[in-house]
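Each chain is listed here by its residues.
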Amino acid sequence: MSSKRLSSAKELEELRKEILAKRDPAKPVITICTGTACQTYGSLKIYQEFADEIKKQGLEGSAVEARPTGCHGFCEQGPVVVIFPQEICYVRVKLEDVPEIVSRTLARGEVIERLLYEDPVTGERIAKDPEIPFYKNQMRLVFGNNRHINPRDIDDYIALGGYAALSRALFQMTPEQVLEEIKRSNLRGRGGGGFPTGIKWETTRNAPGEPKYVVVNCDEGDPGAYMDRSIMEGNPNGVLEGLIIGAYAIGSHEGFIYVRQEYPIAYENTIQAIRQAEECGFLGKNILGSGFDFEVKVHRGAGAFVSGESTALMSAIEGKVGEPKLKYIHTAVSGINGRPSCLNNVETWANVPLIINKGADWFNSTGTDGSKGTKIFSLVGKVNNTGLVEVPMGMTLRQLIYDIGGGIPKGKKFKAVQTGGPSGGVIPEQHLDTPIDFDELTKLGSMMGSGGTVVMDEDTCMVDTARYFISFCCEESCGKCIPCREGLRMLREILTDICEGKGQEGDIEAIEDIAEVMQDASLCALGTTAANPALSTLRYFRDEYEAHIKEKRCPAKACKVLTSYYIDPEKCTACRICFRNCPTEAIHGDKNIVHWIEQEKCIKCNTCFEVCPPRFSAVRKISGEPLPPPPAPGIEVIREKKR
Amino acid sequence: MTVTLQIDGKEVKAREGMTILEAAKEAGIEIPALCYHDKLEPYGACRVCSVEVERKGRVRIVVSCGYPVEEGLIVRTRSPRVDRIRKVLIELIAPTTMVDGEVAGEIKKLAKEYGADIHRFESRFRTVPTRCILCGKCVRYCDEVVGEHAIGFVGRGIERRVVFFPEEARACLTCQACFNLCPTGKIPAETDFVVFDGFSIDDYLPGKS
Amino acid sequence: MVSKTKSKKSTKFSSAVRRAVGSYQKDKDMLIQILLDLQSMFGWLPQEVLAEVSEQLEVPITQVYQIASYYKAFSLMPRGRHIVRVCMGTACQVRGSPQLLNIISAMLDLKPYETSRDMRFTLETVNCLGCCAMGPVVVVDDAYHSKPATPALKKIFGSAK
């Protein structure tokens, strides 16, 4: 890392040239994804192995470089490595593959077929990262940088053009001009609210009172969403640059980054980035010699979803408990210590340098009328290509799930896609051609939310899904206000009862009654939106609720109390796989003796159903019908000559 | 500066900075509330004082204890929507506040006025009733007015509780200010100053003898 | 007894708290950060530590307890030597985390947030670790395990002393 404190725009450009001069674009660079998920696949060891192997084969120094990067997004296929400049992408890389990759691909430019991504439909092996269907259909404007950057080395970010936007803003634009550009871009908050960012900035700027604050909300709490984590981990300077530009536009000299405690790597990388940015002169006094001062502090959360709500987050920054406050004056006017405070999500800030570099008109050329630009989604659940994806607003949900996501695994039928986390709702098949757009998703009874997109199939129970989200909010509620605390308590009891076959007439009406009071009367957005999953599943899957209540049947055969597991004696071949895997030893049987499940010991873990080989499919799930009696003991297996 | 607004069809003049609740009170219009106290900062926990406000044709539900008066605002302290909110709120807190199958005091009054069925959610309330609605008047009075910080909130969500801190609570013997503030009568019923039986931080801390 | 008065016996705690409070220049705004550092140091937050924080940082004991009891990161009771965390995020949910939790709960004979008698294990649930592609996920100490089958779990728990 270069160590000079820059004091002019010119010096920044000179530094950039200097860094680039030392980087031969033809020199192979292998980037290894070390985002949290790939790390759990062992990618840090793999990176170390590459570093060691490169030395061992005498390729270090100017010949070849190994670079650990943040998340690339293709989580299902991790560990992922990409070799530049050819952009060769190897997936599911193992430690044993490293020497071969170094000697063949890095040293000689040879492609190793077996490590390439294989298209599941055509069987074709695809060598180049941008040609893999998962990536091809994306528009990785914000997230794409992750592949090139070691988040612990600011030089990588500068080499990519980092901090050019800051320089432009400070020296070629007035704060008002920066504000105008963001307003013109129509950028809307990426944290869930979708509020026009430019207007929020303007409100903060115009509000009376000093000092003004800017805040990065990295308290990403929606379960299933990890976009912000990956941006903060993989490109903290991208967020910092946006924050400093925003501070300049608003007239703020002090900022905060609030990171969830559950994201230790993001926290460490952010601290490191701040340190390096300060050393370079992008933070602190007299930034780049412009006369503009700005400092930033990092606060860790301590494990409370509700602390991501703006008044709660600001309370936590003040050292008080992170629960929402009664407030009818927007935090942009009265926030931290009663001062104007502009809070935006990580992804929102990360879009700012792009807009300043390329202009509002460029930003407006992507997206729909009401939703410009791109959005990063975490595409998870019952989908083949699980990972983080960035797509232009306006792409349809179907394209997202099928063209990029690769559809539903194991040939199962799509049932719904859940968006917006605990504040959102489910979207069924008939609406899959809806374009991704803030207002379109809201019209369907869901919302864009922070980007968590959970795909559900025929085996997912919609009532259980509502119960899950309500339970989540019940646990995360701060408990201050009656409608949320007591409303969620009661909704959880009712939904749990329904899932356990104890649903009663009038339950659906009670759910709707409580939900509407929560929407009207809760103190904060957790309370007003917590019942959305229940209302949304009722809107599209009321039949499932009625089956649970009236017939004590779970159509998806997922609700434990309403579902029993049964081994069909005519299909069982006593392969013993289920017996070996049953965690409670509830399965009885022997070689050549038909197996059977002792219901009292069965904990409905679904293991036997999953491990029974598909060619036998002897395990059945039964719901809403009486269970056949266990077979007479000692029945021998029926073996047919041909199956 | 004077602000003119309309509450329940009546023209009301208020001072800028007043809340709807305060302005209504001065105009002789009663809005029920459980967590409001004129010596305390508005807290917004009970939501009983919710009202409908209309501005430029847009209707919202807000809590009158916290919403500042605005010129030309139209306020309705009763309406089907508002009444339903109050009814359901009482139905939700009834199980935890019931003593011998009955509710008392302000909660009983509200149950009657809004036609709440206090037994509606009883069968599904499956935990030990605390008799506390977490209005926070005791905690806030001790913090903001008395300055002793002898009583506080612990926990979160449905595990949120109010507890005394015995070492700080030495002044409680002579103070007793929170006793009359408690809308459910829990504090006077369950406190005996020395032990704060079942009610102190030491009982809350897990594994404590 | 939650004590307001300074205990002369707890110099181990008072010096640790002094270091933690000092590292943030005794800034009251950093109360949550201070408690996070102390939780990390001790593995839990003993009463003596909380009383020291209240005293040294000059904030009411009620505020310290409110924060310590509000957040999942803080434990007011000692925890086991091995922390087992099952991710209950939506993606893991859809891929079977409740069943995984059942299995682990049965194996360890613990309900979530319980610690085993021999102080070997504490079972916890977590809402989304961000490893959705690997779901369902369980973390034992700092090791992440993806879709662990029963035999693998038996091995992991067996080897954790």
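Since the structure is predicted, the reported quantities are computational estimates derived from the model, not experimental observations.

A. Geometry of the overall build of chain A. For chain A, the helix and strand inventory stands at 24 helices and 19 strands. The C-alpha radius of gyration of chain A comes to 27 Å, within 12% of the 26 Å expected for a compact globule of 643 residues. C-alpha atoms of chain A, sized along the principal axes, occupy 85 × 65 × 40 Å. The buried share of chain A, taken over its 643 residues, is 57%. Across chain A, the fraction of contacts at a sequence separation of at least 24, relative to all contacts at a separation of at least 6, is 72%.

B. Summary view of the overall build of chain C. Along its length, chain C carries 7 helices and 4 strands. Scanning chain C from its N terminus toward the C terminus, one meets helices and strands in the order α-α-α-α-β-α-α-β-β-β-α. Considered along the principal axes of its C-alpha atoms, chain C spans approximately 50 × 30 × 25 Å. Burial analysis of chain C (161 residues in total) assigns 46% to the buried set.

C. Examining helix 22 (residues 532-550) of chain A more closely. If you check helix 22 of chain A, its first and last C-alpha atoms are just 23 Å apart, much less than what 19 residues at 1.5 Å a residue would give, namely 27 Å. The positive-phi residue at the C-terminal boundary of helix 22 of chain A is K552(A), with phi of around 50°.

D. Focus on the environment of K412(A). All names here are of chain A. Relative to the helices and strands, K412 is located in the loop between helix 16 (397-404) and strand 13 (414-419). Residue classification places K412 among the partly exposed residues on the basis of 14 C-beta atoms within 10 Å. Expressed as a C-alpha distance, the spacing of K412 and M139, which sit 273 residues apart in the sequence, is 28 Å.

E. Region of the structure containing helix 13 (residues 310-317) of chain A. Burial analysis of helix 13 of chain A places 7 of its 8 residues in the buried class, which makes it a mostly covered element. Turning to helix 13 of chain A, its buried residues are S310(A), T311(A), A312(A), L313(A), M314(A), A316(A) and I317(A). For helix 13 of chain A, the secondary structure elements touched by its buried residues are strand 7 (213-218), strand 8 (254-259), strand 9 (295-300) and strand 10 (341-345) of chain A together with helix 2 (31-42) of chain C. Within two residues after helix 13 of chain A, G319(A) carries a phi angle of roughly 85°, on the positive side.

F. Inspection of the environment of P633(A) at higher detail. Mapping P633(A) onto the fold places it in the segment after strand 19 (619-623). For the pair formed by P633(A) and V594(A), sequence separation is 39 residues and the distance between their alpha carbons is 8.3 Å.

G. Representation of the nonpolar core. Counting residues in hydrophobic clusters, the biggest one holds 293 residues, and the most contacted among them are I244(A), I245(A), I470(A), L491(A), A33(B) and L35(C). Residues within four places of I470(A) in sequence aside, it is in contact with L488(A), L491(A), R492(A), L495(A), A530(A), P533(A) and A534(A). Counting 15 residues, the second largest nonpolar core, distinct from the first, contains C572(A), V594(A), C612(A) and A618(A).

H. Main features of the domain arrangement of chain C. As assigned here, chain C comprises domain 1 (11-70) and domain 2 (82-159). One C-alpha centre belongs to domain 1 of chain C, the other to domain 2 of chain C, and the line joining them spans 30 Å.

I. A look at the sheet that holds strand 4 (residues 143-146) of chain C. Residues and elements named next belong to chain C. Pairing within the open sheet is mixed, and its 4 strands lie in the order 2-1-3-4. Two strands close off the open sheet at either side, each with one partner strand: strand 2 (121-126) and strand 4. Pairwise comparison of adjacent strand axes, ignoring direction, gives a mean angle of 20° for this sheet. Bridging between strand 1 (residues 82-87) and strand 2 involves 6 bridges; their strand directions are parallel. Residue pairing for strand 2: R85 is matched across the bridge by E124. The strands touched by helix 6 (residues 97-108) are strand 1, strand 2 and strand 3 (137-140); relative to strand 1, the strand with the most contacts, the crossing angle is about 155°.

J. The domain arrangement of chain A, seen in detail. Partitioning chain A into structural domains gives domain 1 (25-138), domain 2 (162-364), domain 3 (374-457), domain 4 (462-550) and domain 5 (561-623). One C-alpha centre belongs to domain 3 of chain A, the other to domain 5 of chain A; they are set 34 Å apart.

K. Geometry of the interface of chain A and chain B. On the side of chain B, 28 residues touch chain A, which itself brings 25 residues to the contact. With 9 residues, the single largest contributor to the side of chain A that touches chain B is helix 19 (residues 482-499) of chain A. Its residues placed into classes, the side of chain A that touches chain B shows 13 nonpolar, 3 polar and 9 charged.

L. Quick peek at the interface of chain C and chain A. With 38 residues of chain C at the contact, the number on the chain A side is 43 residues. At the level of secondary structure, the elements contributing two or more residues to the side of chain C that touches chain A comprise helix 2, helix 4 (61-70), helix 5 (90-94), helix 6 and strand 4 of chain C. The biggest single contributor to the side of chain C that touches chain A is helix 6 of chain C, with 5 residues. For the side of chain C that touches chain A, the per-class residue count stands at 23 nonpolar, 12 polar and 3 charged.

M. Representation of the sheet that holds strand 2 (residues 65-69) of chain A within the structure. All names here are of chain A. Taken in spatial order, the 4 strands of this open sheet run 2-1-3-4, and their pairing is mixed. On the outer flanks of this sheet lie strand 2 and strand 4 (88-90), each paired with one strand and no other. The average angle at which neighbouring strand axes cross in this sheet is 20°, direction not considered.

N. Broad picture of the pairing of strand 3 (residues 50-55) of chain B. Residue and element names in this part refer to chain B. Where strand 3 lies against strand 4 (residues 58-63), 6 bridges are found, and the strand directions are antiparallel. Bridging from a neighbouring strand, E54 pairs with V59 of strand 4. Linking strand 3 back to strand 4 in an antiparallel pair, the connection comprises 2 residues, with K56 at a positive phi of about 50°. Both strand 3 and strand 5 (residues 74-76) contribute to a ladder of 3 bridges, which runs antiparallel. Across the sheet, the residue bridging to E54 is I74, located in strand 5.

O. Spatial organisation of the environment of K200(A). Residues and elements named next belong to chain A. Summarising the element assignment, K200 is placed in helix 9 (residues 197-206). Taking C-alpha positions, K200 is 9.4 Å from G189, a pair spaced 11 residues apart along the chain. Not counting residues within four places of it along the chain, the set of residues in contact with K200 comprises F195, A332 and C342.

P. Looking closely at the packing of helix 1 (residues 11-23) of chain C against helix 3 (residues 47-57) of chain C. Residues and elements named next belong to chain C. Direction vectors running N to C along helix 1 and helix 3 enclose 50°, while the axes themselves pass 9 Å from each other. Judged by the angle between their axes, helix 1 and helix 3 are oblique. In this structure, helix 1 meets helix 3 at a crossing whose hand is right-handed. On the side of helix 1, the interface is formed by F13, S14, V17, R18 and V21, while helix 3 contributes E48, V49, E52, V53, Q56 and L57.

Q. Structural view of the confidence of the model for chain C. All names here are of chain C. A residue-level look at chain C finds 94% of positions with pLDDT of 70 or above and a mean pLDDT of 88. Helix 4 holds the highest mean pLDDT among the elements of chain C, 96, whereas helix 5 holds the lowest, 82. ipTM for the predicted complex: 0.96, alongside a pTM of 0.93.

R. Structural view of the packing of helix 19 of chain A against helix 2 (residues 80-97) of chain B. One way to put it is that helix 19 of chain A packs onto helix 2 of chain B with a least axis distance of 10 Å and a crossing angle of 65°. With respect to the hand of their crossing, helix 19 of chain A and helix 2 of chain B are arranged in left-handed fashion. From helix 19 of chain A, I482(A), P483(A), E486(A), G487(A) and M490(A) reach across to helix 2 of chain B, where they touch L89(B), L92(B) and I93(B). In terms of residue class, the contact of helix 19 of chain A with helix 2 of chain B is built from 6 nonpolar, 1 polar and 1 charged.

S. Quick look at the pairing of strand 3 of chain C. Residue and element names in this part refer to chain C. Here strand 1 pairs with strand 3 via 3 bridges, running antiparallel. Looking at the pairing, V86 lines up with V138 of strand 3. Counted along the chain from strand 3 to the antiparallel partner strand 4, the turn is 2 residues long, and its residue D141 has a positive phi close to 55°.

T. Inspection of unusual backbone geometry at higher detail. Residue E210(A) is joined to P211(A) through a cis peptide bond whose omega torsion reads -5°. Here P211(A) shows up in the loop between helix 9 and strand 7. P136(C) follows G135(C) through a cis peptide bond whose omega is 0°. Looking at the secondary structure, you find P136(C) in the loop between strand 2 and strand 3. Of note in the backbone geometry, N592(A) takes a positive phi value of approximately 65° without being a glycine. Structurally, N592(A) can be placed in the loop between strand 17 (587-590) and strand 18 (593-597).

Rules used in this analysis
Every chain begins its residue count from 1, and numbering advances along the sequence as written. Naming scheme: in the order in which they are written, chains are lettered from A and ligands are numbered from 1. Two thresholds apply to this predicted model, a pLDDT of at least 70 for residue-level local features and 80 or more for giving and counting side-chain atom pairs, whereas whole-chain, interface and lining totals are computed over all residues. Comment: elements are numbered from the N terminus, with helices defined as DSSP H or I runs of at least four residues and strands as E runs of at least two. C-alpha atoms define the radius of gyration in this analysis, and the globule rule sets the expected value at 2.2 Å times the number of residues to the power 0.38. With C-beta atoms placed from the backbone, a residue is buried if 20 or more other C-beta atoms are within 10 Å of its own, exposed if 12 or fewer are, and partly exposed between those counts. Distance between backbone-placed C-beta atoms decides contact: two residues are in contact if it is within 7 Å. Expected span of a helix: the number of residues minus one, times 1.5 Å. Buried Ala, Val, Leu, Ile, Met, Phe, Trp, Tyr and Cys residues whose C-beta atoms connect them within 7 Å together make up a nonpolar core. Note that the domain bounds reflect an automated or database-derived domain assignment. DSSP calls a pair of strands paired once it identifies at least 2 bridges connecting them. Geometry is summarised by axes, namely lines fitted to C-alpha atoms with helices restricted to the contacting stretch, and by angles between N-to-C directions that run from 0 to 180 degrees. Polar here means any residue outside two lists: the nonpolar Ala, Val, Leu, Ile, Met, Phe, Trp, Tyr, Cys and Pro, and the charged Asp, Glu, Lys and Arg; Gly therefore counts as polar. Any angle that falls under 35 degrees is termed roughly parallel, while one over 145 is termed roughly antiparallel, one within 65 to 115 roughly perpendicular, and all others oblique. Take the far helix as your reference; a near helix turned counterclockwise from it by less than a right angle gives a left-handed crossing, and one turned clockwise gives a right-handed crossing. Values of pLDDT, ranging from 0 to 100, describe the predictor's confidence in every residue of the model.

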